[in-house]
Amino acid sequence: MTTFPGASSNGTPQDPQGSGFGQRVDHIGSDAQQLWSDARSAVTDLGQTLDLRGRVERNPYGMMAAAVGVGYLLGGGLFTPLTARILRLGVRLAALPLVKDELMGMAEAAFQGYQTGRGMADPGPQGSASANASSAGTPRPPTY
C-alpha cells in the first residue's frame, strides 16, 4: 500500500502546522477575490481612459455606428461577400479623389502645352485682320 506525505492510514491529515483543507479553500477564495478586484479596477481604468460616456454624449450617432461595426465584426461578418463588396466600394471611393487630381493635372498640362504651342506658332501680327481675330479671342484657321 502506498502512503502519501501528510496522510495517515485512516485518512486524516498529519500536518504539524495545522493547515488543512479549509485553509487552502480560504486561500483560494482570497486569491479569487483579489483577481476579481484587479479585473474590476482594470475595467474601470479602461473606461476612464476611453471616456465612453463622454464620447456617447458628444457624438451619439458616431458611437452608434461604431457599435454596429463592432457587433458586425464580432458576429462573424468579416469574411462574408457583403464585407468584400463594401471594401471594394470603399477602395473605389477613396481612390476617386486621387484619380480626379491626376486627371486634372494631366488636363492642365495638356492645356498649357496647347497654349505654348499656339503662342510659338503665332509669329506676330501679319495684318490687321489677323491681329483683330487674335485680339477678339476667336480662333483663326491654320496657315499652311
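Everything numeric here is computed off the predicted structure, so don't read it as measured data. (Residues numbered from 1 in each chain as written. Predicted model: local features only at pLDDT ≥ 70, side-chain atom pairs only at ≥ 80, totals over all residues. Heavy atoms only, no water.)

Secondary structure summary: the protein contains five helices and zero strands in total. Expressed as a percentage of its 144 residues, the buried residues of the protein come to 3%. (Helix = DSSP H or I, 4+ residues; strand = E, 2+ residues; numbered from the N terminus. Buried < 20%, exposed > 50% of the residue type's maximum accessible area, 1.4 Å probe, protein only.)

Looking now at the side chain of T83. Of note, T83 is situated in helix α4 (residues 81-121). Among the polar contacts made by the side chain of T83, one reaches the side chain of T80 at a distance of 3.0 Å. (Polar contact = N/O pair within 3.5 Å; in protein donor to acceptor, adjacent residues only side chain to side chain.)

Further remarks concern helix α3 (residues 60-74). In a regular helix each residue adds 1.5 Å, so 15 residues correspond to 21 Å; α3 covers 21 Å between its end C-alpha atoms and thus fits that length. Remark: G76 follows α3 within two positions and exhibits a positive phi of approximately 95 degrees. (Expected span 1.5 Å × (residues − 1).)

A few words on unusual backbone geometry. Its identity is not glycine, yet D51 carries a phi of approximately 50 degrees, on the positive side. Mapped onto the elements, D51 comes out in the loop between α1 (21-50) and α2 (52-58). On the accessibility criterion, D51 (33% relative accessible area) is partly exposed.

Together, Y72, L73, L78, F79, L82 and I86 make up an exposed nonpolar region whose accessible area comes to about 630 Å². Going through the elements one at a time, α3 and α4 are the ones with two or more residues in the nonpolar patch. (Patch = residues over 30% accessible without salt bridge, like charges linked within 9 Å, V, L, I, M, F, W, Y side chains within 5 Å. Areas by Shrake-Rupley, 256 points an atom, 1.4 Å probe, with all protein chains shown as cover. Salt bridge = Lys/Arg side-chain N within 4 Å of Asp/Glu carboxyl O.)

All right, on to the pattern of salt bridges then. One pass over the structure, following the stated rule, counts one salt bridge. Residue R58 pairs with D51 through a salt bridge whose shortest N-O separation is 3.5 Å.

All right, on to the confidence of the model for the protein then. Overall, the prediction assigns the protein a mean pLDDT of 79, with 73% of residues at 70 or greater. Here helix α5 (residues 128-136) stands out as the least confident element of the protein, with mean pLDDT 51; α3 is the most confident, with 92. (pLDDT = per-residue confidence, 0-100.)

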